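Here is how the chains run, residue by residue.
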Amino acid sequence: MPQQARTGHAVAFAVVAAIALSIGAAHTQSMAPTNSAPNPYRSIENWTQLPEGRKWGSTAAVDIDPDGTSVWVAERCGANTCLGSNLAPVLKFDASGKLVKSFGQGMFVFPHGISVDREGNVWVTDGQGKDGMGHQVIKFSPDGNVLMRLGKAGVTGAGHDTFNMPSSVLIAPNGDIFVGDGHGGMSNNRIVKFDKTGKYIKEWGVKGTGPGQFDTPHALAMDSGGRLFVGDRNNNRIQIFDQDGKFLDQWAQFSRPSGVFIDKNDIIYVADSESESVSKNHDGWKRGIRVGRVSDGAVTAFIPDPVEKSNTTSAAEGVAADAAGNIYGAEVGPKRMMKYVRQ
């Protein structure tokens, strides 16, 4: 091919890429805020029963047990880190809020994301590293035995066997493992896929605003059709992919996604803990939990953050819903676990 033709093709490709990037950015920034959906839920604080003398730490991770009623939480040892603590950060509560299981003491720096698979195994990401710990995904049996570790303890990287601040993990019905690797700054911005044995399969994503690019892949969820939903937090959008990483769609109507959860009925729950507080690029959007339908992306309910003004993370960062439709919000700033039930 002549040099002039090659140059022409390169210019054309660059133009197309630039258009795709600008469309993606414009789509997420131009949508009117979805702050007006009704709130049919009442709030229940202090529904859990912690051991005497123990208080909640920052809590970003919550998921539901296969029994549909028990709630798993990973909290940061009564503070915002587990370094130097002998408290167990991985907690299981029954439907009444009674603590029935706890484990993981001395194993985490910064528990961040959680996923409970169909067999009841509990997967937790450690989003920071220090003293030979962290930057890993750890799989526990329901009784707390370590079954698998992904990543190298305390080591950052972007290889097949290293992470840099992994935020989220999700287990597909067939056992494949998806990790949202990165949490801002100089960390990674990719989705890494492994098979059920922990063997690396593939990855996709770099930092950016275009389709398939990320700026903090903070949360993961999967609908009944097997589509992977990525909470691309600092881009103020959810990106939707097939399980091979093919980009399918992006949604901005659920605000700035810190947490994403999809139940068996394909109802989606999205927690925004940063708009008009930590975030400097999402004014006009209110923090809180938005509820909607996967089928058409409609926002049908909104549980607003009761705090009107904040300069730090506020309201739920992690979110889950049990089989009865009760919603659970894991809060980093306020350091609490909230429950919301229909009125």
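Residues numbered from 1 in each chain as written. Predicted model: local features only at pLDDT ≥ 70, side-chain atom pairs only at ≥ 80, totals over all residues. Heavy atoms only, no water.

**Some words on empty space enclosed by the protein**
The rolling of a water-molecule-sized probe over the atoms marks out the regions of remaining empty space.
Thought 1: Tallied over the full model, the rule gives one cavity of 30 Å³ or more.
Thought 2: Its volume calculated, the largest cavity comes out at about 50 Å³.
Thought 3: In terms of lining, the largest cavity is formed by G288, I289, I303, P304, D305, P306, A315, A316, E331 and Y340.
Thought 4: Considered class by class, the residues forming the lining of the largest cavity number seven nonpolar, one polar and two charged. (1 Å grid on protein atoms, 1.4 Å probe; cavity = no way out; pocket = protein on both sides within 12 Å on 5 of 7 lines; lining within 4 Å. Points joined across faces, edges and corners; volume = space filled by probe spheres on them. Nonpolar A, V, L, I, M, F, W, Y, C, P; charged D, E, K, R; others polar.)

**Some remarks on the sheet that holds strand β14 (residues 217-222)**
Thought 1: With antiparallel pairing, four strands are arranged side by side in an open sheet as β14-β15-β16-β17. On the outer flanks of this sheet lie β14 and β17 (247-251), each paired with one strand and no other. The average angle at which neighbouring strand axes cross in this sheet is 25°, direction not considered.
Thought 2: In this sheet, strand β16 (residues 237-241) lies alongside strand β15 (residues 228-232) in antiparallel orientation, the contact comprising five bridges. When the sheet's bridge partners are listed, G231 is paired in β16 with I238. (Pairing = 2+ DSSP bridges. Helix = DSSP H or I, 4+ residues; strand = E, 2+ residues; numbered from the N terminus. Axes fitted to C-alpha atoms, helices over the stretch in contact; angles between N-to-C directions.)

**A word on the sheet that holds strand β9 (residues 146-150)**
Thought 1: In spatial order, the strands read β6-β7-β8-β9; together these four strands make up an open sheet with antiparallel pairing. The open sheet has two edge strands with one neighbour each: β6 (111-116) and β9. Strand after strand, the sheet turns through a mean of 20° between neighbouring axes, direction not considered.

**Description of the state of the cysteines**
Thought 1: By the definition in use, this model includes one disulfide.
Thought 2: There is a disulfide in this structure between C77 and C82, and the S-S distance comes to 2.0 Å. With the S-S dihedral at roughly 95°, the linkage between C77 and C82 falls on the right-handed side. An identical accessibility class is assigned to C77 and C82; each is buried. (Disulfide = S-S within 2.5 Å. Buried < 20%, exposed > 50% of the residue type's maximum accessible area, 1.4 Å probe, protein only.)

**A closer look at the packing of aromatic side chains**
Thought 1: Applying the stated criterion across every chain yields a total of 14 aromatic pairs.
Thought 2: Judged by centre distance (5.0 Å) and plane angle (45°), the rings of F103 and F140 are tilted. Placement of F103 in strand β5 (residues 99-103) and of F140 in strand β8 (residues 133-140) is noted, with a sequence separation of 37 residues between them. Here F103 and F140 have matching classes, each one buried.
Thought 3: Ring geometry for F108 versus F140: centroids 6.1 Å apart, planes at 40°, classification tilted. Note that F108 is positioned in the loop between β5 and β6 and F140 in strand β8, a separation of 32 residues in sequence.
Thought 4: What links up through ring pairs into an aromatic cluster is the set W47, W56, F93 and Y328.
Thought 5: The cationic tip of R290 hangs over the ring face of F302; the distance from NZ or CZ to the ring centre is 4.2 Å. (Phe/Tyr/Trp six-rings, centres within 6.5 Å; stacked < 30°, edge-to-face > 60°. Lys NZ or Arg CZ within 6 Å of the ring centre and 35° of its normal.)

**So, the pattern of salt bridges**
Thought 1: Inspection of every chain in the model, using the stated rule, returns 19 salt bridges.
Thought 2: In this structure, the salt-bridge partner of E45 is R336, at a minimum N-O distance of 3.2 Å. With E45 in the loop between β1 (41-44) and β2 (59-64) and R336 in strand β24 (residues 336-342), this residue pair connects regions lying 291 residues apart in the sequence.
Thought 3: A salt bridge links D244 to K193; the shortest N-O distance between them is 3.7 Å. Placement of the pair is D244 in the loop between β16 and β17 and K193 in strand β12 (residues 190-194), with a sequence separation of 51 residues.
Thought 4: For K193, a relative accessible area of 6% translates into the label buried.
Thought 5: A single network of salt bridges, built from pairs that share partners, joins R233, R256, E274 and E317. (Salt bridge = Lys/Arg side-chain N within 4 Å of Asp/Glu carboxyl O.)

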